[in-house]
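Below, each chain spelled out in residue letters.
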Amino acid sequence: MSAAAALRAETVEESPAGRHELLAARVLTAGNGALAAVAALGVATVVVQSDPADHPPAFQAAILATIGILIAVGLLAQWSGRRLIAVMNGVAACAYLAVLLLAWPVLALSGGSPSGQLSWLLTVTSLPVLAAVIAWGPAGGWIVLGALGVFIPLLRIAMDDRSANAITNNVQSFATAVLLCALASATLARAQRADTAAAVARDAAAREAESAARRAVDARAQALVHDEVLATLAFAARATAEMRPALAAQAHRAREALNALTAPSTEAVAVAALRARLQELARDHGAQFSETLEPEGADSAAEVPGDVAEAMTGAVQQALVNVRTHAAGNQATVIFGRIGDGIRVEVHDDGPGFDQEAVAPGRLGIAVSIVARLRAVGGRAEVRSAPGDGVVVDASWSPSIPSRPVTVRAIGLLRDRDMRLTGALLAAGPLVLALYSLFWLRQPLPAVAAGVALAAAFVIVSWRADRAGTATVAIAGSLALAAVGTMLGGVIVPDTADAPTYAGMWPYVTASVVLGMLCLRARPATALMLLIPATALLALAVVPGPFGEVRAAVMRAIVVVVAAAGLAISLRVLDRHAERDRAAALRASSERAWLTEVTTRAAEKVARWDEAFGSLLARIGEGTALTDEEIRRCLVHEGELRDGYRAGRLGAAAVVAAAARARARGVDVVLIDDVADREIDDERLERLRAWLVEQLDEAVGSFIARILPVGRDALATASSEVASTRFGG
């Protein structure tokens, strides 16, 4: 199993339903529990029912128990998993529906009159609808809402509960449930999309980490083999008696380095410790050490990743080895410095230098041990030289630029189509109440005007689903306040009453649902602010009182706007939390995948190398003379290792086998593919390899094969002591 696959399995095992969805379900369930508590408090304090149905005490206790279940579920959800939250909400929704279905049969069978006002707690339809959304998803919520929208009016008819207050309460309860169902459904849908996106991102991060790990292991392995193994094998094949003790020590170092490859360095290294390590390295190679002035504000306790410290040390060591090999007797200097949060190390020498354009393509020291080594850990290295000017190796590393603080763009919760459908459902409510006003108001014109204004506000605010613009807020808010203002024209006190009634305050409560829709458009703060002038207009309309039913209207309006705003604000907080959690998960998944892939790939390489030449290194480590067969094997393995770095597309199995046969005959084979920008189709490449096998089988002495750069009249050349040929393809 790959690291990415293992990580996916681990993630699924840790969080079956997804972390974001679980957080959303907990917030929604807690909110529904809070609504249930507010409903119970409202019944005890502000809701007045003049002719309540005469239900038996046991049934009234069952109603309170149902509300208690919702409150308990809201509390328990914070310590529950997603599946248990769904089960608990399903039980609560079913309990609520069961009590509602039994309301009339229990009343009829109790011996009393099967009439009276339905318990207000059983008309708070938002409670079972929200529970259904959490338990069974948006479809479950909408189905329960539709069923209640039909059943509760029929139940009122059966109980002869057809007052203006009852009808108004039905419409407003339905509108509130529509609003909260849309909010809850959108919240869960967004959370699920966030979980899906996070899983995709984690997979992509794991795959990228695996790819980076392979590059890092390959670069580290190439540098290790170049610095230790190749030299050991090459010198062992030509060793004199005087060289054997030094070769034995080098063979031991090579084996230790191979073993160390399987234990990637994960611990950070203090910059001060790295500086001391480089200073010691310079002293061991007879080089001077100096350092540049630290930049102002540099962190004295700064650290660099372990693999960076290792790569920098290896690159500097190879640069110093090159000085000793190619500029013996000349002075070398190691200069250590800080660049921001990173480091920079330069190795200078005053030797003869070289023409960089004339460097033979077979030279691996600079490309593998310095440049590739640092590139693999996110650093960079540049080698500058010219004949007579010495050599400068400029190596540096800086941490990746940290991402900017996460800013979550305020966006709407629904798609445009769903938002318009929700707005249409809600717009029907004030039109129904305006139509009903024709029958219970002597002067219904203000109520009709309020219904039209509120319906228009619902259409305007629901036309789009993104964050509401200033114009939308201004128009919808003005229409809502204008509708509340119509209560000053007599809507508040119907002809059949001598004081303000709950039914007469429907424009105010319905306007609060418009403000709740602004929360769907990511304007919770504006909705809360607009509730203040709306409540002030209500106060003007009901003066001088009495205020018996006013409190219920104010309470419902406040609960609607605060619940919608609170959910919208919570969702913004959840978005930020989810983004931070996603970033942390990406880092963790990348690190785990990187470490897994590094360890696995390194172990495979070491096992393969140990099988190929581990015993040979052990023999060299004994410090005794090698047999002719062992010397031949040294040359063969050295050539194979070099081919692994230089041969590129020439390193097919058939060519490698032919090269091994040639080396066994004593031929010095070099295969070079250093023109990656020259494209070769599969058919030509196969013909080239077949041709190369023929040339290798005839080679004598030394043999060099190379793919030529773009623009040459041939694709490749092969030269040996016998002949030089060209392959045109």
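Residues numbered from 1 in each chain as written. Predicted model: local features only at pLDDT ≥ 70, side-chain atom pairs only at ≥ 80, totals over all residues. Heavy atoms only, no water.

S.K.: So what exactly am I meant to see when it comes to the pairing of strand S5 (residues 342-349) here?
M.R.: Within a regular beta strand, the side chains point alternately toward one face of the sheet and then the other, so they alternate between its two faces. Taking burial as the measure, the 8 residues of S5 include 6 buried ones, the bulk of the element. Here strand S4 (residues 332-339) runs beside S5; their pairing, made up of 8 bridges, is antiparallel. Opposite Ile339, over in S5, you have Gly342 as the bridge partner. Two successive antiparallel strands, S4 and S5, enclose a turn made up of 2 residues, where Gly340 displays a positive phi of approximately 65°. (Buried < 20%, exposed > 50% of the residue type's maximum accessible area, 1.4 Å probe, protein only. Helix = DSSP H or I, 4+ residues; strand = E, 2+ residues; numbered from the N terminus. Pairing = 2+ DSSP bridges.)

S.K.: Would you mind going over the pattern of salt bridges with me for this structure?
M.R.: Applying the stated criterion to the full structure yields 19 salt bridges. Between Asp161 and Arg156 there is a salt bridge, with the nearest N and O atoms lying 2.4 Å from each other. One exposure class covers both Asp161 and Arg156, and it is buried. One salt bridge connects Asp673 with Arg649, and the closest N-O pair in it is separated by 2.9 Å. Of this pair, Asp673 sits in the loop between strand S8 (668-672) and helix H19 (682-698) while Arg649 sits in the loop between helix H17 (628-646) and helix H18 (653-664), and the two are 24 residues apart along the sequence. Overall, the relative accessible area of 15% leaves Asp673 in the buried class. Taken together, the salt bridges that share partners define one network made up of Arg344, Glu346, Glu382, Arg384 and Asp394. (Salt bridge = Lys/Arg side-chain N within 4 Å of Asp/Glu carboxyl O.)

S.K.: Help me understand the sheet that holds strand S10 (residues 716-720) in this model?
M.R.: Strand pairing in a sheet is mediated by backbone hydrogen bonds. Such pairs are either parallel or antiparallel. Strand order in the open sheet formed by 4 strands is S8-S9-S10-S11, and the pairing between neighbours is mixed. The sheet terminates laterally at S8 and strand S11 (724-727), the two strands that pair on one side only. Averaged over all adjacent pairs, the angle separating strand axes in this sheet is 10°, with direction ignored. Inspection of the sheet shows S8 paired to strand S9 (residues 702-707) by 5 bridges, in the parallel sense. Opposite Asp668, over in S9, you have Ser702 as the bridge partner. Each of S8, S9, S10 and S11 touches H19; the most contacted strand, S11, lies at about 165° to it. (Axes fitted to C-alpha atoms, helices over the stretch in contact; angles between N-to-C directions. Contact = heavy atoms within 4.5 Å.)

S.K.: Whenever I open this one, the side chain of Arg521 confuses me. Can you help?
M.R.: By secondary structure assignment, the location of Arg521 is in the loop between helix H14 (506-520) and helix H15 (524-542). Arg521 gets classed as buried once you look at its relative accessible area, which sits at 3%. At 3.2 Å, the side chain of Arg521 forms a polar contact with the backbone oxygen of Arg464. A distance of 2.4 Å separates a polar atom in the side chain of Arg521 from the backbone oxygen of Asp466. (Polar contact = N/O pair within 3.5 Å; in protein donor to acceptor, adjacent residues only side chain to side chain.)

S.K.: It is not clear to me how the confidence of the model for the protein chain should be interpreted in this structure. Could you clarify?
M.R.: Should pLDDT be low for a region, the predicted coordinates there are not to be read in detail. Summary statistics for the protein chain give a mean pLDDT of 80 and a share of 82% for residues scoring 70 or more. Taken as a whole, residues 1-17 scores under 50 in pLDDT and shows 20 contacts with residues more than four places along the chain or in a different chain. A low-confidence stretch, residues 401-412 stays under pLDDT 50, and its non-local contacts, those more than four residues away or across chains, total 13 contacts. (pLDDT = per-residue confidence, 0-100.)

S.K.: Could you clarify how one ought to interpret a nonpolar patch on the surface in this entry?
M.R.: A surface patch of nonpolar side chains, about 380 Å² in accessible area, is lined by Leu528, Ile558, Val562, Ile569 and Val573. By residue number, the principal contributor to the nonpolar patch is helix H16 (residues 550-621), which donates 4 residues. Looking at the secondary structure, you find Ile569 in helix H16. Judged by relative accessible area, which is 41%, Ile569 ranks as partly exposed. (Patch = residues over 30% accessible without salt bridge, like charges linked within 9 Å, V, L, I, M, F, W, Y side chains within 5 Å. Areas by Shrake-Rupley, 256 points an atom, 1.4 Å probe, with all protein chains shown as cover.)

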